[in-house]
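Coordinates in review
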Amino acid sequence: MTLANPLMTASGTCGYADEYADFVDLTQLGAFVTKSITAKPRAGNNYQRVIETRAGMLNAIGLANVGLDVFLAEKVPLLAALALPVFVNVAGTTVDDYLAVADALESVDIVRGVELNISCPNVKAGGIQFGTDPEQVRLITGELRKVCRTNILIVKLSPNVTDIAAIAAAAVDAGADALSMINTFTAMAVDIDTRRPVLANGTGGLSGPAIRPIAVYMVHKVYTQVAQAAGVPIIGMGGIQHAHDAVEFLLAGATGLAVGTALFVEPGCLMDIRDGIGDYLDSHGFASVTDIIGTLEV
Ligand SMILES: Cc1cc2nc3c(=O)[nH]c(=O)nc-3n(C[C@H](O)[C@H](O)[C@H](O)COP(=O)(O)O)c2cc1C
């Protein structure tokens, strides 16, 4: 699949697109990635679900979403207006949940890919345990591979593991077309007056600039140890806010780039990043973004 440019939204940070329609021209993106969709609607966790931290944010949304039926009936027509490839992030608590959603998405024209969220740290049942054990990753990726007949299958990796390359290898072995990385780091903020966690869920996922150097490191590790040899593209994310950040990810081995937390600060940053990458390519004498992917020398 060829995208007009590498930029896309990070799942869960731009809803189903209509929420941001007044702020940014999303038609300029390479692709749109939706909030996680589950088979049934989910109310998510109790409030407080989001808190700003130094150089980032913690969220424990708990996969609140409209569910598959409402997504298909109400959100797909809105997304169709973008005229972009749409990647639908799919979540669930059982393998059958994932299969039901992914199977239904096969017949939706604008949907070109399924992003398998096996890495959400903010739900009590399911969620992250699929994504932290290579055997579980192999199993669920293999099952999803069977239903993703026309849609590309992107497996989204959790950074909350000892060896992310081992998880990536399991996903690639089981048939992932692409990897996206990284999801948020499990973290906690404390209200020192109440002596309780700030988030109702107790823990949340840390995102934003604070995690960027770790995300770049992990992308490079997975690129050099797994993805490059397998010819599997990586969608890099984690704290991208400026063109400089995006170029770091490209040099480290990412082919696509997703922006999440930065949208809460400046939705228009997506276009600035896209234009800034172009400026970098021009000033360094590269004809195309593909010329710099994975060219980091270490
Ligand atoms: C408020 C919020 C909600 C998120 N919801 C989801 C989600 O539903 N599914 C998912 O796979 N990732 C979700 N994420 C993770 C992001 O897609 C992304 O992997 C992570 O935030 C790192 O990128 P960033 O630093 O640019 O935000 C969410 C992140 C935030 C901040």
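Above this note sits the structure.
Residues numbered from 1 in each chain as written. Predicted model: local features only at pLDDT ≥ 70, side-chain atom pairs only at ≥ 80, totals over all residues.

Before going further, it helps to spend a moment on the overall build of the protein chain. Summing up its helical and strand segments, the protein chain has eight helices and 14 strands in all. Relative to a compact globule of 298 residues, whose C-alpha radius of gyration would be 19 Å, the protein chain shows 18 Å and is just as compact. The principal-axis extent of the C-alpha atoms belonging to the protein chain is close to 55 × 50 × 40 Å. For the protein chain, buried positions account for 49% of its 298 residues. For the protein chain, the share of sequence-separated contacts (at least 6 apart) that also reach a separation of at least 24 residues comes to 73%. (Helix = DSSP H or I, 4+ residues; strand = E, 2+ residues; numbered from the N terminus. Rg over C-alpha atoms; globule rule 2.2 N^0.38 Å. Buried ≥ 20, exposed ≤ 12 C-beta atoms within 10 Å, placed from the backbone. Contact = placed C-beta atoms within 7 Å.)

Taking every second residue as pointing to the same face, both faces of strand β8 (residues 178–181) are buried, with Ala-178 and Ser-180 on one and Leu-179 and Met-181 on the other. Here strand β7 (residues 152–156) pairs with β8 via three bridges, running parallel. Paired with Ile-154 across the bridge in β8 is Ala-178. Each parallel crossover has a hand, and the one from β7 via helix α4 (residues 164–173) to β8 is right-handed. With three bridges connecting them, β8 and strand β13 (residues 234–236) associate as parallel partners. Across the sheet, residue Leu-179 finds its bridge partner in β13, namely Ile-234. (Pairing = 2+ DSSP bridges. Right-handed = clockwise from strand over helix to strand, strands pointing away.)

What follows concerns the site of the ligand. The environment of the ligand is formed by 27 residues, the closest being Gly-12, Ser-36, Ser-207, Gly-260 and Thr-261. Counted by class, the shell around the ligand contains 10 nonpolar, 15 polar and two charged residues. (Near = placed C-beta within 6 Å. Nonpolar A, V, L, I, M, F, W, Y, C, P; charged D, E, K, R; others polar.)

To continue, consider the sheet that holds strand β1 (residues 7–9). Pairing within the open sheet is parallel, and its eight strands lie in the order β1-β14-β13-β8-β7-β6-β5-β2. Edge positions in the open sheet fall to β1 and β2 (32–33), since each of these has one partner strand only.

It is worth spelling out α4 at this point. Listing the buried residues of α4 in full gives Ile-164, Ile-167, Ala-168, Ala-170, Ala-171 and Val-172. Buried residues along α4 sit against α3 (134–147), β7, β8 and α5 (212–230). In the segment just after α4, Gly-175 is the residue with positive phi, at about 110°.

Before going further, it helps to examine the sheet that holds strand β4 (residues 56–59). With antiparallel pairing, four strands are arranged side by side in an open sheet as β3-β4-β12-β9. Looking at strand neighbours, the two that pair on one side only are β3 (50–53) and β9 (185–187), the edges of this open sheet. Between one strand axis and the next, the sheet turns by 35° as a mean value, whatever way the strands run. Direction of pairing for β9 relative to strand β12 (residues 204–207): antiparallel, over a ladder of three bridges. Looking at the pairing, Thr-186 lines up with Gly-205 of β12. (Axes fitted to C-alpha atoms, helices over the stretch in contact; angles between N-to-C directions.)

All right, on to the packing of helix α6 (residues 243–252) against helix α8 (residues 269–283) then. Interhelical geometry of α6 versus α8 gives an angle of 65° and a closest axis separation of 8 Å. Both α6 and α8 take part in a crossing whose hand is right-handed. On the side of α6, the interface is formed by Ala-243, Ala-246 and Val-247, while α8 contributes Asp-272, Ile-273, Gly-276, Ile-277 and Tyr-280. Taken together, the residues that form the contact of α6 with α8 break down as six nonpolar, one polar and one charged. (Left-handed = near helix turned anticlockwise from the far one by under 90°.)

Helix length check: helix α1 (residues 67–80) (14 residues) gives 18 Å between terminal C-alpha atoms against 20 Å at 1.5 Å per residue, within 8%. The largest bend along α1 reaches roughly 40° and is located at Glu-74, with the proline Pro-77 sitting one to four residues downstream. For α1, the complete set of buried residues consists of Leu-68, Phe-71, Lys-75 and Leu-79. Of the surrounding secondary structure, the elements contacted by the buried residues of α1 are β2, β5 (86–90) and α2 (95–105). (Expected span 1.5 Å × (residues − 1). Bend = angle between axes of the 7 residues up to and from the residue.)

Moving on to the environment of Leu-257. Within the secondary structure, Leu-257 is located in strand β14 (residues 256–259). Accessibility expressed as a C-beta count within 10 Å gives 26 for Leu-257, which makes it buried. For Leu-257 and Pro-85, which are 172 residues apart along the polypeptide, the C-alpha to C-alpha distance reads 14 Å. Setting aside anything within four residues of it in sequence, one finds Leu-257 in contact with Pro-6, Leu-7, Gly-236, Met-237, Ile-240, Ala-246 and Phe-249.

Another aspect to go through is the pairing of β5. Of all the five residues making up β5, five are buried; the element is thus mostly covered by neighbouring parts of the structure. Here β5 shows no split at all, with Val-86, Val-88 and Val-90 on one side and Phe-87 and Asn-89 on the other all buried. By the bridge criterion, two bridges tie β2 to β5 in an arrangement that is parallel. Note that in β5 the partner of Val-33 across the bridge is Phe-87. Pairing of β5 with strand β6 (residues 111–117), which is carried by five bridges, proceeds in the parallel orientation.

None of the figures reported here should be taken as evidence of function without further support.
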